[in-house]
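# Residue-level structural notes
These are the residues of each chain, in order.
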Amino acid sequence: MKDKEIESLIGRVQYRNNQAMRARIHDHLSELWQRRVAAPGGARTRLVRRTGWTKSACAAAAVVLLAVLIGLLSQSGNSAYALEQTIAAARGICQFHFQFHASPGALGKEAWIEYDPNGVLRSIRVDFLTAETRSTMIWDRGITQWRGHAKELWLFDDQEYTDKVLFFARRYDPKRALGYLQERVREGGIQMEVGRPGNAADPITVTVIYDANTFLIDKPMPPMREVFTIDPVTKLILSVRVETLQKDRYTSIGVYEYLDYGQPFRPGLFDLKREVSADVNCSDTTAIPMGIEQGALSNEEVAAKVVGAFLEAWAAKDYDRAAQIHGYNAMGEAKSLRDRVLRSKNILQVLSIGLPVVPERPLTGLLVPCTVQYEVNGITRTGRFEFRVSEGSRGRWRIRDLQQRG
Amino acid sequence: MLDDHLLWWRSKHGSRSAFDLIYQRHVDRMLSVALHLLGNAADAQDVVQAVFASLVETPETIELRGSLKAFLAVCVANKSRDLLRRRRLAPASRAHVTPAAGGEPLELVIHSEQILRLREALRRLPYEQQEVITLHIHAGLTFRAVARALRLPLGTVQSRYRYGLNSLRTELEREDSL
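Residues numbered from 1 in each chain as written. Chains lettered and ligands numbered in written order. Predicted model: local features only at pLDDT ≥ 70, side-chain atom pairs only at ≥ 80, totals over all residues.

### Here we look at the overall build of chain A
When helices and strands are tallied, chain A shows ten helices and 18 strands. Residues counted as buried form 27% of the 406 residues belonging to chain A. Once local pairs closer than 6 in sequence are excluded, the contacts in chain A between residues at least 24 apart make up 49%. (Helix = DSSP H or I, 4+ residues; strand = E, 2+ residues; numbered from the N terminus. Buried ≥ 20, exposed ≤ 12 C-beta atoms within 10 Å, placed from the backbone. Contact = placed C-beta atoms within 7 Å.)

In structure tokens:
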């Protein structure tokens, strides 16, 4: 039975939700609307305007109210602190700037994250620094710009890479980090504890303990710990110390320090092309249609089609076409694929392309086994290959790994 | 047709008519999602009611980043999951369908032996697989939207969907081969 048939059948499993059920919900919601309109909070904005208060009077009242609230909170220590306060404090902020120090003074990463006014992630920039080198990754609305040590700037559009960038942003973006951790706590495998300092002026700490293999979702990891330091007044995150458990002791592997909140970034921060010198070669692969378009095909169908088309191009020695179907993020990768893999074997015949299967975590996409007859140095052989195929960009699927299994 | 985001903006700022339009536009789909996840009409009604109530009661806490449909569907899924956790219901026990409050039975729109078998097979799936299948097929969300909403990697969502579909295929084909 094909996927489409099962999906169609599932779609036909429909329960009748009758008029009475909808009416009961609607009646309840009508009552809530009545209460909302009647409640003082529901009409607060209009009341202020109708009373003729000036903006400055409103602002003064708000400042007094805030001062009273801060005073009350200070008196009661941080017992009233809830993670939601930090989430709410960062809600309206669109720019975040932070640094990662592996040890005091040893700057390892510097990152900038920007949201649009609707709260949608727009751009991320991470500079990776060593004593001698600087590499930069910029992700801007789906397109990644990468400048490594070589004099080459790469532009690519790749879903797997985007997923990694978004995962990083979710982990260390102050706007979402704690909300994300709350979700993870609910799922299990990690614990979170809010520290209550004796002095109300001291920072609040939130300690997160990760069981083994729960720190990253795509890599096995030892047990880890993160200690968030939170400003007791603004409730914004000041820093995150990352530690790993080694020989029953937590050892620091670095600290993220949050520098600015809501400060506009310099123009061009998310455009590497404006920064690189004229001798840097720009490889823009975003305009090259990598892989094969999925269209109406199922994931399995498009995965098998990608492998079939790749092998066909390889057998025809059309290496440019094969590299394009395979997919690459930089011209250097394409050249390496052509020189290292494609030219090393003459494909004589594709004997079989097997059914795609889902790989075990952390791998994504589908694994496609196939058997191929090829020739190397005049000797004919039969080999089993396994391709990992996944979505690349804009609905097109491409090859991620190619391994010979025998 | 007014865009959902505009409707939501108007509803958030006090427009009852905008809220009613949102309700009419989405309530059937959300009930369908809840009925599939909970298998119980009374619970489904409670969950959907609570989700729409949050739009009325605490609109300022809602930060709409994607589509309203996706937001509502994920709220329904989250509340359904919470409800099941609270009751410590094993997925298998959801197979027992209780009559709704008011005595209405949970009634399938299409009756056929194959649909009934599939319904039972769906209920035997692990909850996380059923959730992804329901959000994709009954809520009409793309895998990417499901992944974003459930804060899971896209690959995990696709794997859960794939495992779920494979289990359903096995169940259906096994019974077909008898």
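### Considerations on the overall build of chain B
Secondary structure assignment for chain B yields eight helices and one strand. The order of α-helices and β-strands along chain B, N terminus first, is α-α-α-α-β-α-α-α-α. When each of the 178 residues of chain B is scored for burial, the buried share is 42%. Here the contacts in chain B between residues at least 6 apart in sequence split such that 70% fall between residues at least 24 apart.

### Overview of the nonpolar core
One finds B:Met30, B:Ala34, B:Val48, B:Ala73, B:Val76 and B:Val146 to be the most contacted residues of the largest nonpolar core, which totals 56 residues. Counting residues per element, this core draws most heavily on helix 2 (residues 16–38) of chain B, which supplies ten residues. Among all residues touching B:Met30, those that are not within four sequence positions of it are B:Val48, B:Val51, B:Leu72, B:Ala73 and B:Val76. Grouped together as the second largest cluster of nonpolar side chains are 37 residues, A:Phe100, A:Ile113, A:Trp154 and A:Tyr210 included. (Core = buried A, V, L, I, M, F, W, Y, C linked by C-beta atoms within 7 Å.)

### Digging into helix 2 of chain B
At B:His26, helix 2 of chain B shows its strongest bend, of approximately 45°. Of the residues flanking the end of helix 2 of chain B, it is B:Gly39, one or two places downstream, whose phi is positive at about 65°. (Bend = angle between axes of the 7 residues up to and from the residue.)

### A closer look at the sheet that holds strand 2 (residues 95–103) of chain A
Residues and elements named next belong to chain A. The strand order across the open sheet built from twelve strands is 8-9-10-11-12-2-3-4-5-6-7-13, with neighbouring strands paired in mixed fashion. Among the strands making up the open sheet, the edge pair consists of strand 8 (190–195) and strand 13 (281–284). Strand after strand, the sheet turns through a mean of 15° between neighbouring axes, direction not considered. Here strand 11 (residues 237–246) runs beside strand 12 (residues 249–261); their pairing, made up of eight bridges, is antiparallel. Counterpart to Thr244 in the pairing with strand 12 is Thr251. Strands strand 8 and strand 9 (204–210) of the sheet are contacted by helix 7 (residues 177–187), whose axis makes an angle of about 125° with strand 8. (Pairing = 2+ DSSP bridges. Axes fitted to C-alpha atoms, helices over the stretch in contact; angles between N-to-C directions.)

### Observations concerning the confidence of the model for chain B
All names here are of chain B. Chain-level statistics for chain B give a pLDDT mean of 78 and a share of 81% at 70 or above. At the level of individual helices and strands, chain B shows its lowest average pLDDT in strand 1 (residues 107–108), which scores 58, and its highest in helix 6 (residues 127–138), which scores 90. Two summary scores accompany this predicted model of the complex, namely pTM at 0.53 and ipTM at 0.78. (pLDDT = per-residue confidence, 0-100.)

### Looking at the sheet that holds strand 15 (residues 346–353) of chain A
Residue and element names in this part refer to chain A. Spatially, the five strands line up as an open sheet ordered 14-18-17-16-15, and their pairing is antiparallel. Taken across any chain shown, the strands that pair with only one partner, and hence form the sheet edges, are strand 14 (292–293) and strand 15. Sheet topology note: the strand 15/strand 16 (residues 366–376) ladder contains six bridges and is antiparallel. Pairing of Ser352 across the sheet is with Thr371, part of strand 16.

### Quick word on the interface of chain B and chain A
Across the contact, 43 residues belong to chain B and 36 residues belong to chain A. Contributions of two or more residues to the side of chain B that touches chain A are made by helix 2, helix 3 (41–57), strand 1, helix 5 (113–124), helix 6 and helix 8 (154–177) of chain B. Counting residues per element, the side of chain B that touches chain A draws most heavily on helix 8 of chain B, which supplies ten residues. The class makeup of the residues in the side of chain B that touches chain A is 24 nonpolar, seven polar and twelve charged. (Nonpolar A, V, L, I, M, F, W, Y, C, P; charged D, E, K, R; others polar.)

### Re helix 8 (residues 299–315) of chain A
Because each turn of an α-helix spans 3.6 residues, side chains separated by three or four positions in sequence point in the same direction. Residues and elements named next belong to chain A. Taking 1.5 Å as the rise per residue, helix 8 with 17 residues should run 24 Å; its terminal C-alpha atoms sit 24 Å apart, in good agreement. Within the sequence span of helix 8, burial applies to Asn299, Val302, Ala303, Ala304, Lys305, Val306, Val307, Phe310, Leu311, Ala313 and Trp314. Its buried side turned inward, helix 8 meets strand 14, helix 9 (319–326), strand 15, strand 16, strand 17 (379–393) and strand 18 (396–404). Phi turns positive, to about 60°, at Lys317, one or two residues after helix 8. (Expected span 1.5 Å × (residues − 1).)

### Describing the packing of helix 1 (residues 4–12) of chain B against helix 2 of chain B
Residue and element names in this part refer to chain B. The N-to-C vectors of helix 1 and helix 2 enclose an angle of 135°; their axes lie 7 Å apart at closest approach. Taken as axis vectors, helix 1 and helix 2 run oblique relative to one another. As for how helix 1 packs across helix 2, the hand of that crossing is left-handed. Contacts from Leu7, Trp8, Arg10 and Ser11 of helix 1 reach helix 2 at Ala18, Phe19, Leu21 and Ile22. Split by residue class, the contact of helix 1 with helix 2 holds six nonpolar, one polar and one charged. (Parallel < 35°, antiparallel > 145°, perpendicular 65-115°, else oblique. Left-handed = near helix turned anticlockwise from the far one by under 90°.)

### A short note on the confidence of the model for chain A
Averaged over all residues, the pLDDT of chain A is 82; the fraction at 70 or higher stands at 88%. Scored below 50 in pLDDT, residues 40–55 of chain A shows five contacts in the model against residues more than four places distant or in partner chains.

### Description of the environment of B:Ala34
Residues and elements named next belong to chain B. Secondary-structure assignment places Ala34 in helix 2. Looking at Ala34, the number of C-beta atoms within 10 Å reads 30, which means it is buried. Expressed as a C-alpha distance, the spacing of Ala34 and Ala44, which sit ten residues apart in the sequence, is 4.9 Å. With sequence-adjacent residues up to four places away left out, Ala34 is seen in contact with Ala44, Val47, Val48, Val76 and Ser80.

### Considerations on unusual backbone geometry
All names here are of chain A. With phi around 50°, Arg141 is a residue other than glycine that occupies positive phi space. With respect to the helices, strands and loops of the structure, Arg141 is situated in the loop between strand 5 (134–140) and strand 6 (143–147). A positive phi angle is found at Lys317, which is not glycine, with a value near 60°. Mapped onto the fold, Lys317 is located in the loop between helix 8 and helix 9.

### Quick word on the pairing of strand 11 of chain A
Residue and element names in this part refer to chain A. Relative to strand 11, strand 10 (residues 224–230) runs antiparallel, the two being bridged by seven bridges. Residue pairing for strand 11: Ile230 is matched across the bridge by Ile237. Counted along the chain from strand 11 to the antiparallel partner strand 12, the turn is two residues long, and its residue Lys247 has a positive phi close to 50°.

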